[in-house]
Amino acid sequence: MMDTYILGIESSCDDTSAAVLKNNKILANVVANQDVHKFYGGVVPELASRAHQQNIIPVIHRALDIAKINKNQLNAVAFTNGPGLLGSLLVGASFAKSFSMALGIPLIEVNHMHAHILAHFIDDPQQPEKPEFPFLCLTVSGGHTQIMLIKDYFNMQVIGQTIDDAAGEAFDKAAKIMGLPYPGGPLIDKLAKEGNPNAIKFPHPNIPDLDFSFSGLKTSILYFLRDRLKENPDFIEQHKADLSASIQHTIIEILMHKLRKAAHQTGIKHVAIAGGVSANSGLRNAMIQESDASGWKVYIPKFEYSTDNAAMIAITGYFKYVKGDFASQKLTPFTRYSD
Ligand code: KG4
Ligand code: ZN
């Protein structure tokens, strides 16, 4: 069979990324992060779309350079069509549409959350084992928290989700309360390594079924710190490691509790994690421990495929290319998740 070259483009939030795939292997995966949001406590949509506009062409050039291929060798262009920020999505979508039209090659739309999961199927010599269907995936990012039942590449069902904040949002909001810059998740992860996860007990939500809630945690952290800061204005500074470790531990416990419940209910022992929060070292360890304790076969993505990247868009694009599932030029981006 002839080789297939796919260009993947990701611009749903605050990372501009382009990747080139040869069949299911990555030739290049370039990510430009946006520093402009650092001191706003979250992504500022207008600043994000402006930065995407500045980054998109250089990032694609760089990806083609690294892959050592010419744009005329590309067989298709895959891009994130949602969910995400509308202004950000539009930059990637418009570029992908014009590029596919100019080159006369198919356009492929990709659902960002499905792509996080399908990143597990990138052919990587360091991670030769691919998940076996059916498997469960805890998909945890800045905007979403879902437990998915994956029956096939394109047969995925949400069996649990957050009713308010996402897990990544819980990390970022906790970090903001502690005075840390955005995105706070990786900083809490780092600080937590020096702290005691049982130093502070935060309550767990009581939500039915396989659903999650994280807004209560944010409120408990706020009240807890308000009281402590009255007695000691330096409380956060003096306890940031214990605070981080305890917050991280609480989030992981909430996630793992429902994931165990899902495994129990479905009888499925093949369990994956995906999305930005799957980069968290505590969550990764909790999965490994669970695999020892419950006999799960766990799948943990490589670090660079956890947070937003275009390699995951390109691999999803590759599977759709093989199926002949192409998109129309008339397609418009969507902001909220749908199956
Ligand atoms: O998937 P992602 O890169 O973007 C979205 O689709 O939202 O996820 C970003 C989220 C942010 O909330 C960020 O704080 C969180 O993932 N994150 C982490 C870590 N790395 C990224 N959270 C905890 N620990 C980490 N190491
Ligand atoms: Zn994401």
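These numbers come from a predicted model, not from an experiment.

**Student:** Just checking my understanding: could you explain unusual backbone geometry for this structure?
**Tutor:** A negative phi angle characterises most non-glycine residues, just as the trans form characterises most peptide bonds. A cis amide bond links Gly82 with the next residue in sequence, Pro83, at an omega value of -5 degrees. Mapped onto the elements of the fold, Pro83 is located in the loop between β4 (76-82) and α2 (86-103). The omega torsion of the bond from Tyr182 to Pro183 falls at -10 degrees, within 30 degrees of zero and hence cis. One can find Pro183 in the loop between α4 (167-177) and α5 (184-192). At Asn23, a residue that is not glycine, the phi angle is positive and equals roughly 55 degrees. Take Asn23: it is sitting in the loop between β2 (15-22) and β3 (25-33). For Asn23, a relative accessible area of 17% gives the class buried. Of note in this structure, Asp209 is not a glycine but carries a positive phi near 55 degrees. In this fold, Asp209 is placed in the loop between α5 and α6 (215-231).

**Student:** How do you make sense of the sheet that holds β3 when you look at a structure like this?
**Tutor:** In any sheet, the strands associate via hydrogen bonds between backbone groups, in a parallel or an antiparallel arrangement. Reading across from one edge, β3-β2-β1-β4-β5 is the order of the five strands in this open sheet, with mixed pairing throughout. Single-partner strands in this sheet number two, and they are β3 and β5 (107-111). Sheet twist, expressed as the mean angle between neighbouring strand axes with direction ignored, is 20 degrees. Alignment of strand β1 (residues 5-10) against β4, held across four bridges, turns out to be parallel. The residue bridging Ile6 from the neighbouring strand is Ala76, located in β4.

**Student:** What's the story with the coordination of the zinc ion (ligand 2) in this structure? I'm lost.
**Tutor:** For a metal with four tetrahedral donors the ideal donor-metal-donor angle is 109.5 degrees, while six octahedral donors give ideal angles of 90 or 180 degrees. Distances from the zinc ion (ligand 2) to its protein donors, His112 (NE2), His116 (NE2) and Asp308 (OD), fall at 2.0 to 2.1 Å. In terms of primary sequence, the donors binding the zinc ion (ligand 2) are separated according to H-x3-H-x191-D. On the criterion of helical spacing, the pair formed by His112 and His116 is a turn pair, its members being four residues apart in helix α3 (residues 112-118). We classify His112 as buried; its relative accessible area is 5%.

**Student:** What is the right way to read α6 from this model?
**Tutor:** In this model α6 runs 26 Å from its N-terminal to its C-terminal C-alpha over 17 residues, within 8% of the 24 Å that 1.5 Å per residue would give. Residues of α6 that are buried include every one of Leu217, Ser220, Ile221, Phe224 and Leu225, and no others. Take α6 and look down its axis: the buried residues cluster within an arc of 125 degrees, on one side only. Looking at the buried side of α6, the elements it contacts are α4 and α7 (235-266).

**Student:** What's the story with the pairing of β3 in this structure? I'm lost.
**Tutor:** The two faces of a sheet get side chains in turn, since along a regular strand they alternate between them. Pairing of β2 with β3 involves eight bridges; the strand directions are antiparallel. Paired with Lys22 across the bridge in β3 is Lys25. Here β2 hands over to β3 after two residues, with Asn23 in that stretch at a positive phi of 55 degrees.

Rules of the game
Residues numbered from 1 in each chain as written. Chains lettered and ligands numbered in written order. Predicted model: local features only at pLDDT ≥ 70, side-chain atom pairs only at ≥ 80, totals over all residues. Heavy atoms only, no water. Helix = DSSP H or I, 4+ residues; strand = E, 2+ residues; numbered from the N terminus. Buried < 20%, exposed > 50% of the residue type's maximum accessible area, 1.4 Å probe, protein only. Pairing = 2+ DSSP bridges. Axes fitted to C-alpha atoms, helices over the stretch in contact; angles between N-to-C directions. Donors = N, O, S within 2.8 Å, 3.2 Å for Na, K, Ca; no water. Expected span 1.5 Å × (residues − 1). Arc of directions from axis to C-beta. Contact = heavy atoms within 4.5 Å.

Honestly, that's just the spatial picture; any functional story needs more than this.
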